[in-house]
Amino acid sequence: MHSNFSNLQERDGAAYAVLESITDAFFALDTEWLFTYINVQAEHVLGFSREQLLGRAIWSVYPGLAGSEFETQYHTAAREKKASTFTAFYPDHRRWYEVHVYPADIGLSVYFRNVSEQIATRQALDEKVARLEEVERRQAFQIALGELVWAIGDPDEIAQAASAMLCEALHADRVMFREAGQIGAAAGVGAIAAPEAFSVPFVQAGQVLAVVELYQAGQRAWTDDDIALARSMAERTWTGMRYARAQARLKAERDQSQHIFQSMTEGFAIMDSDWKFRQMNAVGLRVGQRTESDVMGRTVWEIWPEIIGTEVELRYRKAMATRVPDSSEQLMAFSNGVTLWLEIRLLPVLDGGLAVHYRDISERREADRRKDEFLAMLAHELRNPLAPISAAADLLRLTANDPKRVRQSSDVIARQVRHLTSLVDDLLDVSRVTRGLVLIDRQVLDARRIVEDALEQVQPVIDARRHRLAVQLPFEAACVLGDHKRLVQVLTNLLNNAAKYTPDGGRITLRMEVDAAMVQIIVTDNGIGMSPALSANAFELFAQAERTADRAQGGLGIGLALVRSLVQLHEGSVAAHSQGQGEGSTFTVRLPYVAGPAPGAGTASHLRL
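Conventions adopted
Residues numbered from 1 in each chain as written. Predicted model: local features only at pLDDT ≥ 70, side-chain atom pairs only at ≥ 80, totals over all residues. Heavy atoms only, no water. Phe/Tyr/Trp six-rings, centres within 6.5 Å; stacked < 30°, edge-to-face > 60°. Helix = DSSP H or I, 4+ residues; strand = E, 2+ residues; numbered from the N terminus. Buried < 20%, exposed > 50% of the residue type's maximum accessible area, 1.4 Å probe, protein only. Pairing = 2+ DSSP bridges. Axes fitted to C-alpha atoms, helices over the stretch in contact; angles between N-to-C directions. Contact = heavy atoms within 4.5 Å.

The next thing to look at is the packing of aromatic side chains. Following the criterion strictly, the structure yields 21 aromatic pairs and no others. Seen in terms of ring centroids, Phe70 and Tyr97 are 6.4 Å apart; in terms of plane orientation they differ by 75°. Their pairing is edge-to-face. Placement of the pair is Phe70 in helix 7 (residues 69-80) and Tyr97 in strand 4 (residues 95-104), with a sequence separation of 27 residues. By relative accessible area, which is 4% here, Phe70 ends up buried. A centroid spacing of 4.8 Å and a plane angle of 90° characterise the contact between Trp150 and Tyr243, whose relative ring orientation is edge-to-face. Placement of the pair is Trp150 in helix 9 (residues 132-151) and Tyr243 in helix 11 (residues 224-263), with a sequence separation of 93 residues. The partly exposed category is assigned to Trp150, whose relative accessible area is 48%. Taken together, the aromatic side chains of Phe27, Trp33, Phe35, Phe48, Trp59, Tyr62, Phe70, Tyr74, Phe86, Tyr90, Tyr97 and Phe112 make up a single cluster linked through ring pairs.

This paragraph deals with the sheet that holds strand 11 (residues 277-280). An order of 11-10-14-13-12 is seen for the 5 strands of this open sheet, with the pairing classed as antiparallel. Only two strands of the sheet have a single neighbouring strand rather than two, namely strand 11 and strand 12 (326-333). Sheet twist, expressed as the mean angle between neighbouring strand axes with direction ignored, is 25°. The pairing of strand 12 with strand 13 (residues 339-348) spans 8 bridges and is classified as antiparallel. Within strand 13, the residue paired with Ser327 across the bridge is Arg345. Against the sheet, helix 15 (residues 311-322) touches strand 10 (267-271), strand 12, strand 13 and strand 14 (354-360), its axis set at about 150° to strand 12.

Once that is clear, we can look at the pairing of strand 21 (residues 585-592). The side chains of a regular strand alternate between both faces of the sheet. Inspection of the sheet shows strand 19 (residues 518-525) paired to strand 21 by 8 bridges, in the antiparallel sense. Looking at strand 21, one finds that Asp525 is bridged to Ser585. Of the strand pairs in this sheet, strand 20 (residues 573-577) and strand 21 are connected by 5 bridges, and their pairing is antiparallel. Bridging across to strand 21, Val574 finds its partner in Val589.

The next point concerns the pairing of strand 1 (residues 25-30). Most of strand 1 is tucked away, with 6 of its 6 residues classed as buried. Side chains Ala25, Phe27 and Leu29 of strand 1 all project onto a buried face; the interleaved residues Phe26, Ala28 and Asp30 project onto the opposite face, where all are buried too. Sheet topology places strand 1 next to strand 5 (residues 107-114); 6 bridges connect them, and they run antiparallel. From the neighbouring strand, Ala28 faces strand 5, where its bridge partner is Ser109. Taken together, the 3 bridges between strand 1 and strand 2 (residues 35-38) define a ladder with antiparallel strand orientation. Looking across to strand 2, one finds that Phe27 is bridged to Ile38. The hairpin formed by strand 1 and strand 2 contains 4 residues between the paired strands, and Trp33 there has a positive phi angle of roughly 65°.

Here it is as structure tokens:
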């Protein structure tokens, strides 16, 4: 028998190669229980070389097999000639083996392998399975608690609901959750037994963050699983309350940001890298001549196709491509016919899109235009008197001995200097008013006296142009609180303005109306009138009606602006109205009425034609 197996390699090389290459250990025994063949894997597992084992009895080499499952299975297989498979622990090797025994007439063939790791894994799995019910109970509780915590937004409600859920799960009389700020000095690390409650702290980084107090009448031994469930509840509840507070702060910040976003005085919008708008505030919608439904989720090219092919498109695409901020002023002609000057600022944002700031600067551009026109007119008005002054000066040099010529030249110089002085005084008045340097000497005044003094100043102009002037004043004093000089200046400017823009021989009316609250002074003419655009801006600085070709009207366009500023300093108002060009104009000054006659006020009516 031993000879047959020992010569296996010589007689059947293929079978020998198979036995040597398999991953299972293999040995063969003859009917005398002697080893007749051992493969290389069996040598490694059994710890002996084949030379040490061949020809020796298995029971003598491994006496520990006596009385074991191995001995029983081997004898049964040999006796009954039946194959068997079993798994058993061999104490001498401290290993578990899975063994396959195959009997034959010449002995036994045994395949075996070390399955200690698999057995250990199976035992560990069995231990885990034994705890599944407790784990499932805890997991079910944690899932339900998690859903409850994240569904509630109020921290106090979270604590109450979580305590009620734990109380039900533990069948306790009462459960209370306390955060660190509510815990007494007795709370510490670990489970703390107290006469009234069993406290389970939630500790993180060595700091007690919260405590769950378990109340039960009588004596109850709280298990490790109970404590673990309470500690889990404490952690999830504390985390949920912290999250709820963070969400509340985030919502408050988001609401504040949205309030600021909507309160901005300039248009603001955010578009993504696909040119679609994600946000646009109310000012942006108004300036852009669109509604929110027109804008959200649509591209800038869909919303404003009129900018395609313009400089605006080029700047948008450049800012998007280069990620470099851009700022420009653009004249936008919208599809609804509205035309606006916009200041547009493009700022790249982190997600690849653009933030767009834009504001309507049409009024500023118009003011700049009027200012430029004013400077041109100012230069002209200041230059005009210089020519006659220069000519008069030259004439004085040539006719120094002619008293008549000297007097004429002096009159010319004096007249032009007065004109220049008037222009400079107007400029200084405007400057002082706009800087708040004008002081108002407030006194109770009879508005009728103010009218008389203003008429006295403008009478030469009215007479020179042959205007028909009608004045209608009340019989009783119409008292106001103000500065006599400045209010005379207001009416003088209005009357001069009426005379300037009313053709020769035209009609000018000044009337006064008084009620319990206001004194109204109304100046009406049948002159050239005003367009709607000019009526709306008549009191803006540098605004002026169209000049005639010969510039006969003159002026700097600052008189009405000065009128409005002075009237406002008297807590009054002034308004302009015209039916249109060629329809004349009406200017109404409204001043607060004060009771009591002014010093020297008369009682007679005033009517001047």
